[in-house]
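What follows is the residue order along each chain.
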Amino acid sequence: MEPVLYFDICAVPIFIIILCTAAFRKMTKGRSNKLFLLLLACAFIADAWELLDRLAYITYPIGPEGQMWSKICEYFYFISRNGVNAVYIFYVISITKTWYRIKAWWRKLLLFLPYGGILFMLITNEFTGAVFTVSETSGYIRGSNIILVYVFAMCYMVFGTGYLLFHRYTLDRGSWWALMSMYLVNLAVVGVQYLFSFLLLESFATSLTLLFIVLFMQRPERQVDLTTGLPGYRAFCGEMAKIQATGQEVQVVILSITNAEEMASFLKDSFYTYIHATEEQVRLFARRERVAAEIYFEQPGNFYFILEDTSYNPVQAIPEIRDSVRRAGESILKTGARPDARIVTVHFPAEIDTVDELLRFGHNFPRFVDYNKIFTRASAVISDRTYRIEAHMDEILDRAVKSGGLKVRYQPIRDVRTGSFDSAEAVIELSDEVYGDIDADLLISAAEESGLIVRLGESVLEEAFSHASRDELSRAGLSRMYIRMSVNQVMQMDLTDTIWRLREKYRVDPEQIGFGIKESAYENMSSVFDENLRKLSMQGYTIVLDGFGRGYSNLRHLLDMPIKAVRLDRSIVATVSDERGKALFKGTVSMLRSIPLEVMAQGADDEETAQLLCDAGCDIIQGSYYAVPAAMSELISRNSRNV
């Protein structure tokens, strides 16, 4: 019976669609993507040779030249068709992130043995006819030992199926079934084609399974940074999760361009030309040095390099790569843009053992490294106490809640006009069993970086409102309590509802509460932020602009914001040490009072500074010279003694 070519013909447009999709989606870089393209090429070539062979039978009568052409087509078909099985195994190993298991050359050789057996049978086929023969009368005829070719191919199917079953935890369900379809669908098709040789189904079945893989695995939104076309942050997260699940050890090199946003704003599209130049030079160096490196990019300017060789020292590569990047991006650097790059190496999981901590480390490490050094090692950053507190803030807060280590104390604030302490600021104090005493500024900064500031802020609000009730403020000789609010807190849509609930719960008069909002927060104003502040102001709460003069000052904001007071930052208070600073400080205070706004100043930690702040015209002053934070019960006791 004449072979049916319809399925082979239908496979051609599917292969073309898959190829165009991979190119359009920029799924061409990285080991897995390259193996997929090789897999696609083998399957496409096999289909093409099978079509050429069968079309030759239809077009020309079988003769000596036809026999030779048919043999050539069949040989190339068998080579490429069985190459699909071999390449697919390596693709599966790469996708499951278990390449380290075949790092040794002899293991790779073992995986090639079944394919090598097929190649040996094809080489000797001219003498044995074991695989196939071509006659003038009958054309293609199966050889007596062609079953061995199927047995060798079956080895790949059995091994691949077992491998996917054993490593199924590295894949989501859709990806796992897409990979398994290559074996399940082709097993059924091979059985049909072995019994009915005229049905040429294999190439068509392979094209469909590759299409499944494209749909469920080769997804650019999960793997590619669409702006640059490089493997993206989500792909890096996925790869590191697989590495953690498989228990292997790798070295991660993180390159952070700390001024990437500024460069992108200045250079526009040319910035991404520089990014590509950096990526290309790293790839060229890694190829020349024979270092297996997978490269990922995260906006706006973080590179992640995964090195399987944990013994390789990246320091030796930095000078050469830096020079080559400068040459490649010379035209861009001539504009005056200068990347501020920081590089760190992490041994995973020896130094950092979870993916979440690694990602947090990658975003924050530039803040903890020596500004004068380009390269550092993770161990130097991890040993920093501030970093360790930030990295483990969730654990610290959990312990604090359970042990009662988180306390809110109140620092009395002196009113210069009356000469008395009529208000206080709620200050957080935390004593942790692992990290000891953590000061308020570090605690707040770490909570903001870890995203736990809202949780921490809610605890402070609850505590402060509870003390503002039951006449505790009046018994402490205070009329108002100030509470600092983080940007994240003010951005919460239910903030005013939360404060209203606390007001009703503790029967607190809004006149007793003032909220301090960082000046830098106004750089990120949104409709929610603005609405929350205006609602609080309309309800009678005092809004204080906190940290004025730290570098974000926009005088127009002073007229637009619903604020009643301004608290000067410690940095501007420090300028009163010389005559020019005093003049600047007094001018600032005079301007604010003429708006008019109450002027608060912090940093009165000695008699001289306290007197200077008074002389400059500050209305309200706080600092350790006047009073240190204390528990509300202590303030009440102190006030009762004074009375």
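Scroll up for the structure.
Residues numbered from 1 in each chain as written. Predicted model: local features only at pLDDT ≥ 70, side-chain atom pairs only at ≥ 80, totals over all residues. Heavy atoms only, no water.

Q: Lay out a nonpolar patch on the surface in plain terms, naming residues and giving numbers.
A: Taken together, the side chains of L52, M68, W69, I72, F76 and I79 present a nonpolar region at the surface, about 520 Å² in accessible area. Among the elements that take part in the nonpolar patch, helix α3 (residues 64-95) stands out by supplying 5 residues, more than any other. For F76, the position within the fold is in helix α3. (Patch = residues over 30% accessible without salt bridge, like charges linked within 9 Å, V, L, I, M, F, W, Y side chains within 5 Å. Areas by Shrake-Rupley, 256 points an atom, 1.4 Å probe, with all protein chains shown as cover. Salt bridge = Lys/Arg side-chain N within 4 Å of Asp/Glu carboxyl O. Helix = DSSP H or I, 4+ residues; strand = E, 2+ residues; numbered from the N terminus.)

Q: Please give an account of the packing of helix α20 (residues 453-468) against helix α23 (residues 495-506) that cites residues and values.
A: α23 packs onto α20 with a crossing angle of 30 degrees between their chain directions and a minimal axis gap of 9 Å. Between α20 and α23, the angle falls in the class roughly parallel. For the element pair α20 and α23, the recorded crossing hand is right-handed. Together, L461, E462, F465 and S466 of α20 and I499, R501, L502, R503, K505 and Y506 of α23 make up the contact between the two elements. Among the residues making up the contact of α20 with α23, the classes are represented as 5 nonpolar, 1 polar and 4 charged. (Axes fitted to C-alpha atoms, helices over the stretch in contact; angles between N-to-C directions. Parallel < 35°, antiparallel > 145°, perpendicular 65-115°, else oblique. Left-handed = near helix turned anticlockwise from the far one by under 90°. Contact = heavy atoms within 4.5 Å. Nonpolar A, V, L, I, M, F, W, Y, C, P; charged D, E, K, R; others polar.)

Q: Can you break down the sheet that holds strand β7 (residues 302-307) residue by residue, with the values?
A: Strand order in this open sheet of 5 strands is β6-β7-β5-β8-β9, and the pairing throughout is mixed. One side of each edge strand has no neighbouring strand; the edge strands of this open sheet are β6 (293-298) and β9 (375-377). Ignoring strand direction, the axes of neighbouring strands in this sheet form an average angle of 20 degrees. Note: strand β5 (residues 250-257) against β7, 6 bridges, orientation antiparallel. Paired with V253 across the strands is F305, a residue of β7. Where helix α15 (residues 355-364) meets the sheet, its contacts fall on β5, β6, β7 and β8 (341-348), and the angle it forms with β8 comes to roughly 165 degrees. (Pairing = 2+ DSSP bridges.)

Q: Provide a residue-level description of the packing of helix α4 (residues 105-123) against helix α6 (residues 146-166), including the pertinent values.
A: Relative to each other, α4 and α6 sit at 165 degrees, their axes nearing to 9 Å. One way to sum up the angle between α4 and α6 is to call them roughly antiparallel. As α4 runs across α6, the sense of the crossing is left-handed. Taking contact as the criterion, the partners of L111, F112, L113, P114, Y115, G117, I118 and M121 in α4 are, on α6, L148, V149, F152, A153, C155, Y156 and F159.

Q: Can you explain the packing of aromatic side chains? Please cite residues and give values.
A: Using the criterion set out here, one finds 23 aromatic pairs in the structure. Each ring, one from Y88 and one from Y183, has its centre 5.4 Å from the other, and the planes form 75 degrees; the classification is edge-to-face. Note that Y88 is positioned in helix α3 and Y183 in helix α7 (residues 173-195), a separation of 95 residues in sequence. With a centroid separation of 5.4 Å and an interplanar angle of 70 degrees, the aromatic rings of F271 and Y272 are classed as edge-to-face. Residue class for F271 comes out buried when judged on its relative accessible area of 0%. (Phe/Tyr/Trp six-rings, centres within 6.5 Å; stacked < 30°, edge-to-face > 60°. Buried < 20%, exposed > 50% of the residue type's maximum accessible area, 1.4 Å probe, protein only.)

Q: Quick one: what's the story with the side chain of T278, residue by residue and with numbers?
A: As for its placement among the helices and strands, T278 is situated in helix α12 (residues 270-289). With relative accessibility at 6%, the residue T278 sits in the buried group. With near-sequence residues (within four places) excluded, T278 lies in contact with F303 and V325.

Q: Give a detailed account of helix α8 (residues 202-216), specifying residues and quantitative values.
A: Taking 1.5 Å of rise per residue, 15 residues should cover 21 Å, and α8 covers 21 Å from first to last C-alpha, within 8% of that figure. Buried within α8 are the following residues: E202, S203, A205, T206, S207, T209, L210, I213 and V214. (Expected span 1.5 Å × (residues − 1).)

Q: Quick one: what's the story with unusual backbone geometry, residue by residue and with numbers?
A: Omega for the bond connecting Q299 with P300 falls within 30 degrees of zero, at 0 degrees, which places this linkage in the cis form. For P300, the position within the fold is in the loop between β6 and β7. Along the chain, I595 connects to P596 via a cis peptide bond; the corresponding omega equals 5 degrees. Positive phi values are uncommon outside glycine, yet K268 reaches one of about 60 degrees.

Q: For the state of the cysteines, give the residues involved together with the corresponding values.
A: All chains considered together, the criterion is met by 0 disulfides. Left without a disulfide partner, C42 is nearest to the cysteine sulfur of C73, which lies 17 Å away. On the accessibility criterion, C42 (15% relative accessible area) is buried. Sulfur of C614: no disulfide; nearest cysteine sulfur belongs to C618 and is 7.7 Å away. (Disulfide = S-S within 2.5 Å.)

Q: Summarise the environment of L255; cite the residues concerned and give the values.
A: With respect to the helices and strands, L255 occurs in strand β5. The buried category is assigned to L255, whose relative accessible area is 13%. Along the primary structure L255 and L122 are separated by 133 residues, whereas in three dimensions their C-alpha atoms are 49 Å apart. Setting aside residues no more than four positions away along its own chain, L255 makes contact with G301, N302, F303, F305, R342 and I343.

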